[in-house]
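# Structural features, examined
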Amino acid sequence: MSMINVKKRTHYSDEITPDMDGKKVSLVGWVHEIRDLGGIVFLLLRDREGIIQVTAPSKKVDKELMDKMRKSGKESVIFVEGTVKESSKAPNNVEIIPTNFEIINKSKQPLPLDTTGKVKAELDTRLDARFLDLRKLNVNAIFKIRNKMLNSVRKFFEENGFIEINTPKLVASATEGGTALFPVTYFEREAFLGQSPQLYKQMMMAAGFEKVYEIGPIFRAEEHDTLRHLNEAISIDIEVSFANHEDVMKILENLIVRVIEDLNKSCKKELKILNKKLEVPETPFERITYDEVIEIVNSKGVVLEYGEDLSRAAEKALGEEMDNYYFIIDWPTSIKPFYVMPNEKNPEKCYAFDLMYKDLEISSGAMRIHDHDLLVKRIKEQDLNPESFKYYLDAFKYGMPPHAGWGLGAERFMMALTGVKNIRETILFPRDRRRLTP
Ligand code: ATP
Ligand code: MG
């Protein structure tokens, strides 16, 4: 068989329906399962869209073809040509009676991972053989949803007049201080992997772009090994001029609603595979203040003192009370980054917000400081050196409009949308404290 004469399908498995009874079709895909009853061979062919049964009874199918089916082996790549037959006993009430069967590329046996989902495997085993793991329909469904989510996000921004930008991921210094950075060797100097596009997207406000978004990687060297942290994640970031925190919170709410509406239309099959129903949340989302959070959390017996960021225990306690998407507002200025606009009347508090889904933070945002001198003051107050922010600060000297924005973690959002409990399920090849391969 020629290697460059690539066999093509006429249909995906899910396009074949009982009313096509008698029609000739061709399929390509993988051997999902084989059941050999002697006089009849059942083979499940799996492709990107699902599974279809190929049924070969000895009365109708010649022996040579049946033998090829028997010997094909799980997960081998195959080509099947045959006739559609309506059948109440087959999955989806339809099967293929083969007239031609070819093994395009044989799979080695035994497999490092079962792709039917019948044999459970540890996450590490699954991630080591991720290409096989991704063949499972339920794992695959997550990434189809992720695709449609990102699609929907891009459409939303496009329709609302945003300009897509790409900012550098190799940077000279920390964005916000605090968080650990990954150092890299940049010729004879040290550089870092960017933890956020924050400073660059603000500089685009000085450039007069007015509404920008970026969907790109963020790198965080925090040593956390949790179910909701990665060391490389994708952030959906926006920055908007002539806007305050309330304006960008509305954009965030509308985006969440839009994505859920779109997924309910475009991912019916995938949501069903995951057994997930997506309710469209009502807007405006509930807003609770940081002070109220302390009260709720303390009332549940979890210690949280004023001026502390939410611990995991605090998030969990809060999640018992709050059931959907909600904002936490009026944060203490001291625990938010230097670029957040303090409240003019009470500079103790600032115009920052977090968007939560139950006990999970999925986005942080704020109105930003646009006054150069105030920004310098805040940088110093946080024990950072204004010198290392020279180019950023220059952008505030020659006409910087008021602005606000947020960053939404794509994987955290996927956790909220799909209900998976481990963030590693939502990214193809997770990077965490222990894992740098594959
Ligand atoms: P957390 O407190 O949960 O560690 P954070 O407040 O440090 O998050 P931000 O700097 O506010 O995170 O980043 C904005 C968004 O980016 C977060 O709300 C989250 O959705 C996402 N994000 C941040 N860090 C990570 C990470 N390590 N892994 C996955 N997503 C992340
Ligand atoms: Mg945050």
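Everything in this summary refers to the structure shown in the same document. (Residues numbered from 1 in each chain as written. Chains lettered and ligands numbered in written order. Predicted model: local features only at pLDDT ≥ 70, side-chain atom pairs only at ≥ 80, totals over all residues. Heavy atoms only, no water.)

### Regarding the pattern of salt bridges
So the rule is basically this: Any Lys or Arg side-chain nitrogen found within 4 Å of a carboxyl oxygen on Asp or Glu counts as a salt bridge. Note on exposure labels: buried denotes an accessible area under 20% of the residue type's maximum, exposed denotes more than 50%, and partly exposed covers the range between, all computed with a 1.4 Å probe on protein chains only. To qualify as a helix, a DSSP run of H or I must reach at least 4 residues; to qualify as a strand, a run of E must reach at least 2; elements of each kind are numbered from the N terminus.
Scanning the entire structure with this criterion turns up 45 salt bridges. With a closest N to O distance of 2.8 Å, Asp133 and Arg126 form a salt bridge. Just as Asp133 is buried, Arg126 falls in that class too. In this structure, the salt-bridge partner of Arg126 is Glu425, at a minimum N-O distance of 2.9 Å. In this pair, Arg126 is assigned in helix α2 (residues 123-128) and Glu425 in the segment after α12 (410-418), connecting sequence segments 299 residues apart. The same class applies to Arg126 as to Glu425, namely buried. Taken together, the shared-partner salt bridges in this structure form one network comprising Asp124, Asp128, Asp225, Arg424, Asp432, Arg434 and Arg435.

### Quick notes on the sheet that holds strand β11 (residues 232-241)
Short version of the rule: Note on pairing: two strands pair once DSSP finds at least 2 bridges between them. The contact rule is simple, with two residues in contact once any of their heavy atoms fall within 4.5 Å. Fitted lines through C-alpha atoms give the axes, limited to the stretch in contact for helices. The angle between two N-to-C directions lies from 0 to 180 degrees.
Taken in spatial order, the eight strands of this open sheet run β6-β10-β11-β18-β17-β16-β13-β12, and their pairing is mixed. Of all strands in the sheet, those bounded by a partner on one side alone are β6 (163-164) and β12 (286-289). Relative to strand β17 (residues 360-367), strand β16 (residues 352-357) runs antiparallel, the two sharing six bridges. Bridge assignment links Met356 to a residue of β17, and that residue is Glu361. Helix α6 (residues 245-266) contacts β11, β12, β13 (325-329), β16, β17 and β18 (403-409) of the sheet and is inclined by roughly 35 degrees relative to β18. On the sheet, α12 packs against β11, β13, β16, β17 and β18 and is oriented at approximately 60 degrees with respect to β18.

### Details of the coordination of the magnesium ion (ligand 2)
By definition of the ideal shapes, four donors in a tetrahedron about a metal sit 109.5 degrees apart, and six donors in an octahedron sit 90 or 180 degrees apart. Going by this rule: For Na, K and Ca the donor cut-off is 3.2 Å, while for other metals it is 2.8 Å, and in both cases only N, O and S atoms qualify; water is not among them, so sites may look incomplete.
Looking at the magnesium ion (ligand 2), one finds its protein donor set to be Glu361 (OE) and Ser364 (OG), positioned 2.2 to 2.3 Å from the metal centre. The exposure class of Glu361 is partly exposed, given its relative accessible area of 25%.

### Thoughts on a negative patch on the surface
For clarity, the cut-off: Patches draw on residues past 30% relative accessible area with no salt bridge. Two like charges within 9 Å are joined, as are two nonpolar side chains (Val, Leu, Ile, Met, Phe, Trp, Tyr) within 5 Å. Only the protein chains shown count as covering a residue, and every accessible area follows the Shrake-Rupley method with a 1.4 Å probe. As used throughout, the charge tally considers Lys and Arg to be positive and Asp and Glu to be negative, leaving His and the chain termini uncounted. A single reference atom marks each charge: NZ on Lys, CZ on Arg, CG on Asp, CD on Glu.
Side chains of Glu286, Glu292, Glu295 and Asp330 sit close together on the surface and give a patch of like negative charge. One can find Asp330 in the loop between β13 and β14 (331-332). With a relative accessible area of 33%, Asp330 lands in the partly exposed category.

### Considerations on a nonpolar patch on the surface
Among the surface-exposed residues, Leu170, Tyr186 and Phe187 lie close enough to one another that they form a single nonpolar patch of about 340 Å² accessible area. Relative to the helices and strands, Leu170 is located in strand β7 (residues 170-171).

### Observations regarding the site of ligand 1
What counts here: Being near a molecule or strand, for a residue, means having at least one of its heavy atoms within 4 Å of it. We define a polar contact as two N or O atoms separated by no more than 3.5 Å, with the added condition that, inside protein, one atom must be a possible hydrogen donor and the other a possible acceptor, whereas residues neighbouring each other in sequence contribute only through side-chain atom pairs. Residues are sorted three ways: Asp, Glu, Lys and Arg are charged, Ala, Val, Leu, Ile, Met, Phe, Trp, Tyr, Cys and Pro are nonpolar, and all the rest, Gly among them, are polar.
In the vicinity of ligand 1, 14 residues are found, and the nearest of them are Arg220, His229, Leu230, Glu361 and Ile362. Between ligand 1 and Arg220 there is a distance of 2.7 Å, counted from an oxygen atom to a side-chain nitrogen or oxygen. One of the side-chain N or O atoms of Glu361 is found 2.6 Å from an oxygen atom in ligand 1. Across the complex, the protein chains shield 84% of the 590 Å² of accessible surface that ligand 1 would expose by itself. Among the elements that take part in the shell around ligand 1, β17 stands out by supplying four residues, more than any other. In terms of residue class, the shell around ligand 1 is built from four nonpolar, six polar and four charged.

### A word on the side chain of Ser107
Along the chain, the position of Ser107 falls in the loop between β5 (94-105) and α2. Accessibility expressed as a relative area gives 17% for Ser107, which makes it buried. A polar atom in the side chain of Ser107 sits 3.4 Å from the backbone oxygen of Lys74. Contacts of Ser107, omitting those with residues within four sequence positions, involve Lys74, Glu75 and Ser76.

### Details of the packing of aromatic side chains
For the record, the criterion: When two rings of Phe, Tyr or Trp (its six-membered ring) have centres within 6.5 Å they constitute a pair, described as stacked for plane angles under 30 degrees, edge-to-face for angles over 60, and tilted for the intermediate range. Charge over a ring is defined by NZ of Lys or CZ of Arg lying within 6 Å of the ring centre and within 35 degrees of the ring normal.
Within the structure shown, the criterion is met by 16 aromatic pairs. Ring plane angle 70 degrees and centroid distance 4.9 Å describe the contact between Tyr392 and Phe396, whose orientation is recorded as edge-to-face. You'll find Tyr392 and Phe396 in the same group, each marked buried. One aromatic cluster is present, formed by Phe156, Phe157, Phe162, Tyr213 and Trp406 through successive ring pairs. Geometry around Tyr391 places Lys390 over its ring, the cationic atom sitting 5.0 Å from the centre.

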